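If you want the building blocks of each chain, they are given just below.
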Amino acid sequence: MKWWSTNRLRLIQNNLRETDANMDVDLLIRELKSFQANVLMMNAGGIFAFYPSSLMHQYVTPYLTKDLLGEAVEKAHANGLRFIARFDFSKAHESLWLRYPEWFYRDRQGREVNYHGIVHTCLNGEYQQVKSLESIQEVLERYPVDGIFFNMFGYQHWDYSGNFYGPCYCPNCRLRFREVTGEDLLAYTGPEHPMHELYRSFQERTAREVLERIHGFVKSLRPNVAISTYHPHRVDIVRKESNTSLTRSGPPWLYSASENVASIQDSWDDKLISNCSINAIDLTYRFTGVSENENAIRLYQSIGSGSGLDFCIIGAFEGYPDQASFETVKDIFRYHAEHEELFGQLGSMAEAVLVKPAAPEAAAEYHGMFKMLKEEHVLFDVVMEEQLVAMESKLMHMRAIILPGVQELSVAAARALNRAMDAGAVLVASGTALERQPELLKEWFAASFTGVKQSEPGAYLDVSDKSHFPGFAHGRDWIAAGGSFARVAFDPDTTECRLPFIEPSTFGPPERAYGHRTGTDYGLALHRRVGKEGTVRIGVYMPWNPGELYYRHGFEDYRQVMADVLHDILPNRVATTNAPPCLELFIHRLKEGGCLVQLLNLSGYNGTTFMNPLPLYDVQVELTVDRVDETAAANASWSWPQKWRLPRNTEARGRLLRADSDALVETSQDRVAVTLPQLGRYEAIWLQAVPVGDRKELISRDAKA
């Protein structure tokens, strides 16, 4: 077993400045121990080396008067911490540019990007292709590091001020592009060009090639060294970030950590996800942090979604001017340390899969659907589109699979979804999904595009049929159909059409606001057909963008449409709660038996500001359980099914991990109900099966030890 396989990381990253080269390592270790961190990530090489490198291409910070890297690795290990060495090969010191200009990025006019003496390198140049491996080798042979991390891996088209320079047109890129695609890179001008998809595939292929080379090289030297970066290919630890930017449009994404973790955790069985909470509010304001409430939400979401903890500041702790969040962060790190055995063995109880589309233009539809499912307390996994085939065994056990804006599936992915539908999964598609694959659209939904889309304002959808949309109050019969609405013809013999489309009309002065009429199109159709062995295959198609509209505007109408659809296709859910949408619910089975319910109160977020949450009262979570004999429970497949298997002649007892007290739990034949009289920011309930009538109190793991 690899050291990272237990999924118990509590990582602190000190992003060093070159002036930190002589930092007090003993003080750093004391700070890390106060967090109960078990992994330190710190700079090693790339832009600057923090050790006395002997390589001609490795620029050593002039502030270095000792072997900082060597001292940090030695003292981290002496205090029980793992050490991950951070590299950044995306840029290099300008002295290297003067000697080896062929290693560096060039824009369309042949100019380099020199940002205050730090120059952008090129992925296809010798520096990243060859010299980076020499730097890695020097560190691995000198120091017993436990992992290596690459910052800003891949193609960089922006500088730190947000200025966009476009693709690299250096001779190395032009030659490689010709070899891979047969085309001239100079013909490509940017995202709006017809060759954009070709260029994106070129980027992905060449990035994967570099990662293949790094993986093979590193594992040949040190097999137990973890490889980490932001790209998932051939790495052991996928790094993600929950961060903020003062130039980013829209409100902060409330579910940043949950989505970052889920998209990796649920899509690969052989990778660890570490989601970093970046303390700084922006790259340009690295010495002011986000609020303790935002940091707390990110860290609790990471735990709740099945990851460890990861926190980053600029420089050393000593002299860092904004330590307002530190006590809250330390408290959550200590809590994780106290219960790390539980958090390292979480298993999915999801009954739905949300597919994360590969196309960037579908991101808003996907994020809106993610938000809806969270607020409706649906237990779901996220599977990236590229991993559908690899995760087919998971799809086969799902009750619903949601495709938000997925435009074009591979043949193998379509086969996997076909088999999942034959096994009983309902397929739900939105955001004009599969527009480029009319054959799948017809097979799964008995639908075909007529080629016309509506984007003019003033159109509506009719929700007056309360038998299908009971969530809408009587008297509210129309909802806005803003954005894109595709004209789709459905087979009247095999589909049940809902949400009649109300055609737009004039909307000028009040005197002219009339003339709407019901058209012949629909906003939702449910297609049923008999599949293999007599199974009924169900597909739900929405030729508009409810997810994107909800993500951008937040109107409850769009979530309510989805809630009513889910009520139809997911009756008798695995878990239900009386909690409001501002509560984020996580429920997992534990490998050694039992179940963990985590509740995160998001009520302090008002759309722009993260404040202290308001307490929630009398929150109840009810689980549907399968009653089985004791042998079946002990030998149950770890991966599936979704329900908690509770042995006969037992009842559920619970322990509140945060409050360190017994939970209020009621057990019936097929239900377990947990009640929290009051919920502050977060609580977790560890549920276990005990013999009926056993009145012994459950005790904490620490007490057992």
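Refer to the preceding data block for the structure.
Cut-offs applied
- Residues numbered from 1 in each chain as written.
- Predicted model: local features only at pLDDT ≥ 70, side-chain atom pairs only at ≥ 80, totals over all residues.
- Heavy atoms only, no water.
- Core = buried A, V, L, I, M, F, W, Y, C linked by side-chain atoms within 4.5 Å.
- Buried < 20%, exposed > 50% of the residue type's maximum accessible area, 1.4 Å probe, protein only.
- Helix = DSSP H or I, 4+ residues; strand = E, 2+ residues; numbered from the N terminus.
- Phe/Tyr/Trp six-rings, centres within 6.5 Å; stacked < 30°, edge-to-face > 60°.
- 1 Å grid on protein atoms, 1.4 Å probe; cavity = no way out; pocket = protein on both sides within 12 Å on 5 of 7 lines; lining within 4 Å.
- Points joined across faces, edges and corners; volume = space filled by probe spheres on them.
- Nonpolar A, V, L, I, M, F, W, Y, C, P; charged D, E, K, R; others polar.
- Expected span 1.5 Å × (residues − 1).
- Axes fitted to C-alpha atoms, helices over the stretch in contact; angles between N-to-C directions.
- Left-handed = near helix turned anticlockwise from the far one by under 90°.
- Contact = heavy atoms within 4.5 Å.

(A) Highlighting the nonpolar core. Core analysis: the largest hydrophobic core is formed by 149 residues, its most contacted members being F83, I136, I148 and W544. Among the elements that line this core, the one with the most residues is helix α6 (residues 196-221), at seven residues. Ranked by size, the runner-up nonpolar core spans 33 residues in total, among them V383, L409, L441 and A486.

(B) Quick look at the packing of aromatic side chains. What the rule picks out here adds up to 43 aromatic pairs. Geometrically, the ring pair formed by F35 and F333 is edge-to-face, given 5.9 Å between the ring centres and 80° between the ring planes. Of this pair, F35 sits in helix α1 (residues 25-35) while F333 sits in helix α9 (residues 326-338); the two residues are 298 residues apart in sequence, bridging distant segments of the chain. Exposure class is identical for F35 and F333. Each is buried. Ring geometry for F445 versus Y541: centroids 5.1 Å apart, planes at 50°, classification tilted. In this pair, F445 is assigned in helix α14 (residues 438-445) and Y541 in strand β25 (residues 536-541), connecting sequence segments 96 residues apart. By the burial criterion, F445 is buried, and Y541 matches it.

(C) How the structure looks around the side chain of E71. Tracing the sequence through the fold places E71 in helix α2 (residues 68-78). E71 gets classed as buried once you look at its relative accessible area, which sits at 18%.

(D) How the structure looks around empty space enclosed by the protein. In this structure the tally under the stated criterion is three cavities of 30 Å³ or more. The computed volume of the largest cavity comes to approximately 90 Å³. The wall of the largest cavity is formed by F87, D88, F89, S90, Q128, S132, F150, N151, M152, F153, V210 and I214. Broken down by secondary-structure element, the contributors of at least two residues to the lining of the largest cavity are β3 (82-88), α4 (126-142) and α6. Residue composition of the lining of the largest cavity, grouped by class: seven nonpolar, four polar and one charged.

(E) Region of interest: the environment of P613. Among the structural elements, P613 can be located in the loop between β28 (595-601) and β29 (616-628). Along the backbone, P613 and L679 are 66 residues apart, and their C-alpha atoms lie at a distance of 9.6 Å.

(F) Layout of helix α16 (residues 556-569). The end-to-end C-alpha separation of α16 is 20 Å, in line with the 20 Å expected for 14 residues at 1.5 Å each. The element α16 is extensively covered by neighbouring structure, given that ten of its 14 residues are classed as buried. Taken together, the buried positions of α16 are D557, Y558, R559, V561, M562, A563, D564, V565, L566 and I569.

(G) Region of interest: the packing of helix α15 (residues 546-553) against α16. Taken N-terminus to C-terminus, the directions of α15 and α16 make an angle of 145°; their axes are 8 Å apart at the nearest point. Seen along the crossing, α15 lies across α16 with a hand that is left-handed. The residues of α16 that touch α15, namely those facing P546, L549 and Y550, are E556, Y558 and R559. Within the contact of α15 with α16, the residues separate by chemical class into four nonpolar, no polar and two charged.

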